Amino acid sequence: MKKNYPIFIILLSGLLVGFFTFDQYGESWDEESLQKYAVKSLNAYPTWDQEGVADLTYDDLGNYGPFYVMLVEHITQFLSAYLKNTLSDLRHLIYFITYIAGVLAFYTLAKRWLSEIPAIGATLLFMTQPLLWGHAFINPKDTPFLAFFLLSLVFGFKMMDSIKPISSDPLIPSAKRTLTLLTALWLVSVFSLFFFTQALHNYITSLVISAQSGGTNIITLIAKNITTVSSDVYVQRYFLLFLQARTYYFLLISALLLFIWYRLQPSLLKLLIAVLPSAFLLGLTTSTRILGPFAGLIIVYFALRTKGRQAIPALAIYAVIAMMAMYLTWPYLWMDPVGHFLESLETMSLYPWGGLVLFNGVKYTSSTLPYSYLPVLFAIQLTEPVWALSIVGWVVTIASGVRSGKRGLVELSLLWFVIPFIGFVIMRLALYDNFRQVLFILPPIFLMAGVAFEKIKNIKWQIALVILCLFPGIAGIVSLHPYEYIYYNRFIGGMDGAQGRFETDYWVTSYREAAGYVNSIAPPNAAIWVEGPAHLFAIFAREDLKIYSWHEADRADRYEYVITTTRYDFDKTSYPEAEIVHRIMRGDALLAVIKKP
């Protein structure tokens, strides 16, 4: 236990810093829509049980996995009974705790291939990246997915390590047949009943309509007053009966299968227990973001490479349980699991975002970005030592070959970072808001940086190098707070060099600071015009202020103050002649302005 003290102290220190600063971050642009989606997804559970309806559509963000935002909504409501902070602030606290859990998972992975001090050094370098630290408080999607991805790999590797050959105790032929047939029956019947939910609903609808039209079928035999009651009532009634019967059947046949396993092949039941945590977590990761199965594929590769054919039963159970966990926590899939999942996969891979992306002073659509987009942003948004250390780590590992014992780390880095990175660049997938959508592929960069730390054999020099490499990140966090996510390094001149060339406060979190300033100077009942996402200003504004924005039909005769973000050049186009009375800046980078018409 003593050897784990350093990482626990580091994580506790990070949590303390987060606890004293979480209420200083503005709400990000997407949080409100995702919070509404979380509420609708949670409401789907009682309506599904009582009415056979999951009232979620594409427009409700149904294509997004809802598990994490539902979890955050539950915890937020619980904490709000004990803490006086706004709901927005409480969500930020939960996001940050999730990030710290991801940091712990990163350290666990690092320890798989690195000695103690290099693993801690890589973890600290990862944790103190201003880009990640800032997103950790305000991002309800990408940093949580990063954390869940890391956790899925940690639990997946633990599962893989525990895989043992299934007992070779002889089974009589009849017992083998029973076991095989019952398992096959479970797979075919259960998955059919769930996959074809929409088809069953359509079939029930057709039977009811046919019966009301005078046709003869099973509905006419069991339904009374079929011609005097709305068809919707009967469709709902019989569909609910199907859902109830499906639940009882699933529980019964699953219990029977587990009992047979226990009697005939108890090692299978032990395998199920060993696989369950990692599989369930993979399902939750997929229900957080649809790229979650990528973590599972990495585990499958390593399991097959290290365990061979003996891993196949475990991997089959792993996949089945993960799919079940995903289905249970993603209401949009309930009616049409296969169709809606494929729809979500297509939508998320080619997301139809209509805005313009500022890159190196030029505005592009999200689907026409240059090939240099990701390489340049990766180079300038991580602290200066990261790439130098990572490249040294790659060189050292490749030069030493298999003798270094780092083959697994090289394979992991290739699968997790190199191949996806090349794929994103070549395929020019739609990206925006810099590269927040692909934050989950960053950890291998820092794992390889740990190899560079490990190359130094003198422990004192190792510690000195780690401390030296942390300075740029810590300095960036302190100087940019609470806008750490807009960080750019000295390769382009920091924030001064990024101004006007690259995206800065693209989620407009500076509107909280703007609200604080206006609260202190605006007269009672003042009319305020807010350009862009006015809700980010409104939740922190005084209650008496009358806030107007482009989303509202009402307009005031005049406005005491105008609030504009610099994104999309709103500061130049909104009330261009008005006097600027306050600027929100970091370095020479202008984030938002307050004007007085």
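Attention in this report is confined to the structure presented alongside it.

About the thresholds
Residues numbered from 1 in each chain as written. Predicted model: local features only at pLDDT ≥ 70, side-chain atom pairs only at ≥ 80, totals over all residues. Heavy atoms only, no water. Helix = DSSP H or I, 4+ residues; strand = E, 2+ residues; numbered from the N terminus. Buried < 20%, exposed > 50% of the residue type's maximum accessible area, 1.4 Å probe, protein only. Contact = heavy atoms within 4.5 Å. Areas by Shrake-Rupley, 256 points an atom, 1.4 Å probe, with all protein chains shown as cover. Lys, Arg positive; Asp, Glu negative; His and termini not counted. Charge placed at Lys NZ, Arg CZ, Asp CG, Glu CD. Pairing = 2+ DSSP bridges. Salt bridge = Lys/Arg side-chain N within 4 Å of Asp/Glu carboxyl O. Phe/Tyr/Trp six-rings, centres within 6.5 Å; stacked < 30°, edge-to-face > 60°. Lys NZ or Arg CZ within 6 Å of the ring centre and 35° of its normal. Patch = residues over 30% accessible without salt bridge, like charges linked within 9 Å, V, L, I, M, F, W, Y side chains within 5 Å. Polar contact = N/O pair within 3.5 Å; in protein donor to acceptor, adjacent residues only side chain to side chain. 1 Å grid on protein atoms, 1.4 Å probe; cavity = no way out; pocket = protein on both sides within 12 Å on 5 of 7 lines; lining within 4 Å. Points joined across faces, edges and corners; volume = space filled by probe spheres on them. Axes fitted to C-alpha atoms, helices over the stretch in contact; angles between N-to-C directions. Parallel < 35°, antiparallel > 145°, perpendicular 65-115°, else oblique. Left-handed = near helix turned anticlockwise from the far one by under 90°. Nonpolar A, V, L, I, M, F, W, Y, C, P; charged D, E, K, R; others polar.

A look at the overall build of the chain
Helix and strand counts for the chain stand at 24 helices and 7 strands. If one aligns the C-alpha atoms of the chain with their principal axes, the spans along those axes are about 80 × 75 × 50 Å. Every one of the 597 residues in the chain was classed for burial, and the buried ones make up 52%. Restricting the contact set of the chain to residue pairs at least 6 apart, pairs at least 24 apart contribute 74%. Carbon and sulfur atoms provide 66% of the accessible area of the chain, an area that totals close to 27,100 Å². Side chains of the chain give 44 positive and 41 negative charges; the mean places of these two sets differ by 14 Å.

Section: the pairing of strand 7 (residues 589-596)
Counting buried residues along strand 7, 7 of its 8 residues qualify, which places the element largely inside the surrounding structure. Pairing geometry for strand 5 (residues 561-565) and strand 7, over 4 bridges, is antiparallel. For Thr565, the partnering residue across the bridge sits in strand 7 and is Ala592. Relative to strand 7, strand 6 (residues 579-586) runs antiparallel, the two being bridged by 7 bridges. From the neighbouring strand, Arg586 faces strand 7, where its bridge partner is Ala589. Hairpin geometry of strand 6 and strand 7 is characterised by an intervening segment of 2 residues between the two adjacent antiparallel strands and by a positive phi of about 65° at Gly587.

Regarding the environment of Pro482
Tracing the backbone shows Pro482 in the loop between helix 20 (459-480) and helix 21 (494-498). Those residues in contact with Pro482 that lie beyond four places of it in its chain are Gln24, Tyr25 and Arg586.

A look at the pattern of salt bridges
Tallied over the entire structure, the rule returns 21 salt bridges. Close ionic contact of Asp142 with Arg289 constitutes a salt bridge, the shortest N to O distance being 3.6 Å. With Asp142 in helix 7 (residues 142-162) and Arg289 in the loop between helix 12 (266-286) and helix 13 (293-307), this pair connects stretches of sequence that are 147 residues apart. Considered together, Asp142 and Arg289 belong to a single accessibility category, that of buried residues.

A short note on the packing of aromatic side chains
For any two aromatic rings, the description comes down to two numbers: the centre-to-centre distance and the angle of the planes. Overall, the coordinates contain 50 aromatic pairs when judged by the stated rule. The interplanar angle of 65° and the centroid separation of 5.7 Å between the aromatic rings of Phe145 and Phe149 together place this pair among those described as edge-to-face. Pair noted here: Phe145 and Phe149 are both in helix 7, with a separation of 4 residues, about one helical turn. Judged by its relative accessible area of 0%, Phe145 falls in the buried class. Under the relative-accessibility criterion, Phe149 is labelled buried at 0%. In textbook terms, an aromatic cluster arises when at least three aromatic residues are bridged by ring pairs, as seen for Tyr25, Phe96, Tyr99, Phe106, Phe126, Trp133, Phe137 and Phe446. Over the ring of Tyr234 we find Arg237; its NZ or CZ atom is 4.9 Å from the centre of that ring. Residue placement shows Lys596 over the ring face of Tyr561; its charged tip is 4.6 Å from the ring centre.

Observations regarding helix 16 (residues 373-381)
Three or more residues of helix 16 are buried, namely Tyr373, Leu374, Leu377, Phe378, Ile380 and Gln381. Contact partners of the buried residues in helix 16: helix 6 (130-138), strand 1 (356-359), helix 17 (384-400) and helix 18 (407-427).

A few points about a nonpolar patch on the surface
Side chains of Leu12, Leu15, Leu16, Phe19, Phe20 and Ile97 sit close together on the surface and give an oily, nonpolar patch of about 590 Å² of accessible area. Element by element, the count of residues in the nonpolar patch is highest for helix 1 (residues 5-21), at 5 residues. By the element assignment, Phe19 lies in helix 1.

What about the environment of Arg289?
Along the primary structure Arg289 and Leu439 are separated by 150 residues, whereas in three dimensions their C-alpha atoms are 13 Å apart. Those residues in contact with Arg289, other than ones at most four positions away along the chain, are Asp142, Phe145, Gln437 and Phe440. At a separation of 2.6 Å, a polar atom in the side chain of Arg289 contacts the main-chain carbonyl oxygen of Gln437.

A look at the layout of surface pockets
Estimated volume of the largest pocket: approximately 1,000 Å³. Lining the largest pocket are 41 residues; nearest its centre among them are Met323, Met324, Ala325, Tyr327 and Leu328. Mapped onto the lining of the largest pocket, the elements with two or more residues apiece are helix 2 (31-51), helix 8 (173-195), helix 11 (231-264), helix 12, helix 13, helix 14 (312-328) and helix 15 (337-349). Tallying contributions element by element places helix 14 first for the lining of the largest pocket, with 11 residues.

Side note on the sheet that holds strand 7
The strands making up a sheet are joined through hydrogen bonds of the backbone, oriented either antiparallel or parallel. If you trace the 5 strands from one edge of the open sheet to the other, you get 4-3-5-7-6, paired in mixed fashion. Single-partner strands in this sheet number two, and they are strand 4 (546-549) and strand 6. Mean inter-strand twist for the sheet, computed between neighbouring axes without regard to direction, equals 20°. For strand 3 (residues 527-530) and strand 5, the ladder comprises 3 bridges, and the chain directions are parallel. The partner of Ile528 across the bridge, within strand 5, is Tyr561.

With respect to the side chain of Thr128
One can find Thr128 in the loop between helix 5 (116-127) and helix 6. Judged by relative accessible area, which is 9%, Thr128 ranks as buried. Looking at Thr128, its side chain comes within polar contact range of the main-chain oxygen of Leu124, at 2.7 Å. In contact with Thr128, not counting residues within four places along its chain, are Leu470, Gly473, Ile474 and Ile477.

What to know about the packing of helix 4 (residues 87-113) against helix 5
Relative to each other, helix 4 and helix 5 sit at 150°, their axes nearing to 9 Å. If you check the angle between helix 4 and helix 5, you find them roughly antiparallel. The handedness of the crossing between helix 4 and helix 5 comes out as right-handed. Along the contact surface, helix 4 presents Tyr99, Ile100, Val103, Phe106, Tyr107, Ala110 and Lys111, while helix 5 presents Glu116, Ala119, Ile120, Ala122, Thr123, Phe126 and Met127. For the contact of helix 4 with helix 5, the per-class residue count stands at 11 nonpolar, 1 polar and 2 charged.

A closer look at unusual backbone geometry
The linkage connecting His481 with the following residue, Pro482, adopts the cis geometry, with an omega of 0°. Backbone geometry at Asp433 places phi at a positive 55°, although glycine is not the residue there. Here Asp433 is to be found in the loop between helix 18 and helix 19 (443-455). Since its relative accessible area comes to 3%, Asp433 is described here as buried.

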